[in-house]
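Residues per chain, in single letters:
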Amino acid sequence: MAQHTFPGSGPDIDVDVNTPNVARVYDYYLGGAHNFDADRDFAQRIIERFPEVRTFALENRAFQRRAVRWVAGQGVSQFLDLGSGVPTVGPTHETARLVQPDAGVVYVDIEPVAVAHSALMLEGDPRAAIVQHDLRDIDGVLKEAAQILDLSKPVAVMILAMLHFLSDEDDPGAVIGRYMAALAPGSYLIISHATLEGPVGDRVAEAAARYAETTLPGHLRTRAQVANLLTGLELMDPAHGDGGPRIVWTPEWRPDCEVEAPDQAVAYAAVARKP
């Protein structure tokens, strides 16, 4: 297996550069530079058959920033960003601090390049950190997070464009349930999840099949299945009081300006609160 030695803020780490990695592929979709030939080659093959994937990535990041600002506006100043990926413009701690200047943020990712770059970005910041963990290791993640976050107070858990990489055997609903059970009432969950139910579902299906070549194959779910992941939580209104609490497409969640019905929708978005 070919390796690349990546110098981080700690000991150098070895990275497999021959297998496409979903975090680095996503970074390429967003126009980032923290990826390797295998990631770029795989991403280009996806883009050729499914050009909407880049729109999805950009819309997902835009939703993430809007949701973080909104939750911070509800008085939450702690964020746990699971599967945070390679850092890009407008990361969670910067976005949250536009509303909550002292916001504490813990990023979690298993991918060494994402972790190393995040560590460099966060160096010297006492209220933000990156930990290298599988998000399914709930106890391990929360133990690390507690070094910065006060888990007796509300925390916003973020799982953006990651739940569709958890299989049914991983039981993503149970993963969410365990995180939220460990957190204080008034905590929030911010998620996005790819689906076949949109207008380009046939191309989403083809792209998902190709992800079997990567470190994490995809598992797409329906709106009803995504709703089941939020069992026990209070779904928030995504549209300024118009239509009531519900799951919507990522560009439709509290948009900064009026949006038409998306014709390239790929992922559902939701924000929910622990009563």
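Note on numbering: residues in each chain are counted from 1, in written sequence order. Only residues with pLDDT of at least 70 are given local features in this predicted model, and only at 80 or more are side-chain atom pairs given and counted; all residues enter the totals for whole chains, interfaces and linings. Derived side-chain values reflect all non-hydrogen atoms in the structure, with water molecules and hydrogen atoms excluded from consideration.

**Here's the deal with the nonpolar core**
A general trend in soluble globular proteins is that nonpolar side chains are found buried together. Put simply, the test is: By convention a nonpolar core is built from buried Ala, Val, Leu, Ile, Met, Phe, Trp, Tyr and Cys residues, the set being connected through side-chain atoms within 4.5 Å. Type-normalised accessible area, obtained with a 1.4 Å probe on protein chains alone, sets the label of each residue: buried when under 20%, exposed when over 50%, and partly exposed for intermediate values. It only takes one pair of heavy atoms within 4.5 Å for two residues to be counted as in contact.
Among the nonpolar cores identified, the biggest contains 58 residues, and Tyr 29, Leu 80, Leu 82, Ile 159, Tyr 179 and Leu 189 are the most heavily contacted of them. Setting aside anything within four residues of it in sequence, one finds Leu 189 in contact with Val 157, Ile 159, Ile 176, Met 180, Leu 230, Leu 233, Ala 270, Val 271 and Ala 272. Val 68, Leu 122, Met 158 and Ile 190 belong to the second largest nonpolar core, which has 27 residues in total.

**What to know about the packing of helix α1 (residues 22-29) against helix α2 (residues 37-49)**
Just so we agree on the cut-off: Helix axes are fitted to C-alpha atoms over the stretch in contact, other axes to C-alpha atoms as well, and angles between N-to-C directions run from 0 to 180 degrees. A run of H or I in DSSP counts as a helix once it spans at least four residues, and a run of E counts as a strand once it spans at least two, with each numbered from the N terminus. Between 65 and 115 degrees an angle is taken as roughly perpendicular, under 35 as roughly parallel, over 145 as roughly antiparallel, and anywhere else as oblique. Helix crossings are classified by the rotation of the near helix relative to the far one: an anticlockwise turn of less than a right angle makes the crossing left-handed, while a clockwise turn makes it right-handed.
Contact geometry for α1 and α2: axes closest at 9 Å, N-to-C directions at 60°. In terms of axis orientation, α1 runs oblique to α2. Read as a crossing pair, α1 and α2 show a hand that is right-handed. Seen from α1, the contacting residues are Arg 24, Val 25, Tyr 28 and Tyr 29; seen from α2, they are Asp 39, Arg 40, Phe 42, Ala 43, Gln 44, Ile 46 and Ile 47.

**Brief notes about the pattern of salt bridges**
Put simply, the rule is: The salt bridge definition used is simple: a Lys or Arg side-chain nitrogen within 4 Å of an Asp or Glu carboxyl oxygen.
For the structure shown, the criterion picks out 15 salt bridges. Across the salt bridge formed by Arg 49 and Glu 206, the nearest N and O atoms sit 2.9 Å from each other. Taken together, the residues span a long stretch of sequence, with Arg 49 in helix α2 and Glu 206 in helix α8 (residues 201-210) at a distance of 157 residues. Across the pair Arg 69 and Asp 256 runs a salt bridge, and its minimum N-O distance is 3.0 Å. Taken together, the residues span a long stretch of sequence, with Arg 69 in helix α3 (residues 52-73) and Asp 256 in the loop between β9 (248-249) and β10 (267-273) at a distance of 187 residues. The exposure class of Arg 69 is partly exposed, given its relative accessible area of 30%.

**Brief notes about the packing of helix α6 (residues 138-145) against helix α7 (residues 172-182)**
As a reminder, the rule being used: Charged residues are taken to be Asp, Glu, Lys and Arg, nonpolar residues to be Ala, Val, Leu, Ile, Met, Phe, Trp, Tyr, Cys and Pro, and polar residues to be all remaining types, Gly included.
For the pair α6 and α7, interaxial distance at closest approach is 10 Å and the crossing angle is 35°. Both α6 and α7 take part in a crossing whose hand is right-handed. Judged by residue contacts, Ile 138, Asp 139, Val 141 and Leu 142 of α6 engage Val 175, Arg 178, Tyr 179 and Ala 182 from α7. Split into classes, the residues belonging to the contact of α6 with α7 amount to six nonpolar, no polar and two charged.

**Some details on the side chain of His 93**
Along the polypeptide, His 93 turns up in helix α4 (residues 92-97). Note on His 93: relative accessible area 6%, which makes it buried. Apart from the residues within four sequence positions on either side, His 93 is in contact with Val 105, Tyr 107, Met 121, Leu 122, Asp 125 and Ala 128.

**A closer look at the confidence of the model for the chain**
Heads up, the condition is: pLDDT expresses how confident the predictor is about each individual residue, on a scale running from 0 to 100.
Averaged over every residue, the pLDDT of the chain is 89; the share at 70 or more is 92%. pLDDT under 50 marks residues 1-12. Its contacts with residues more than four places away, or in other chains, come to 27 contacts.

**Comments concerning the packing of aromatic side chains**
Inclusion rule: The rule is short: rings of Phe, Tyr and Trp, with Trp giving its six-membered ring, pair when the centres are within 6.5 Å, and they are stacked under 30 degrees, edge-to-face over 60, tilted in between. Look at NZ for Lys and CZ for Arg. If either is within 6 Å of the ring centre and within 35 degrees of the ring normal, a charge sits over the ring.
Tallied over the entire structure, the rule returns six aromatic pairs. Seen in terms of ring centroids, Phe 42 and Tyr 211 are 5.0 Å apart; in terms of plane orientation they differ by 90°. Their pairing is edge-to-face. A residue pair is termed long-range when its members are at least 10 positions apart, and Phe 42 in helix α2 and Tyr 211 in the loop between α8 and α9 (223-228) qualify at 169 residues. Across the pair, Tyr 211 and Phe 42 agree in class, each one buried. On the numbers, 5.8 Å between centres and 40° between planes, the contact of Phe 165 with Tyr 211 is tilted. Of this pair, Phe 165 sits in the loop between β6 (156-160) and α7 while Tyr 211 sits in the loop between α8 and α9, and the two are 46 residues apart along the sequence. Across the pair, exposure class does not vary: Phe 165 and Tyr 211 are buried alike. One aromatic cluster is present, formed by Phe 63, Trp 70, Tyr 188 and Trp 253 through successive ring pairs. Across from the ring centre of Tyr 28, 5.0 Å away, lies the NZ or CZ of Arg 54, which sits over that ring. Between the NZ or CZ atom of Arg 254 and the centre of the ring of Trp 253, over which it lies, the distance is 5.8 Å.

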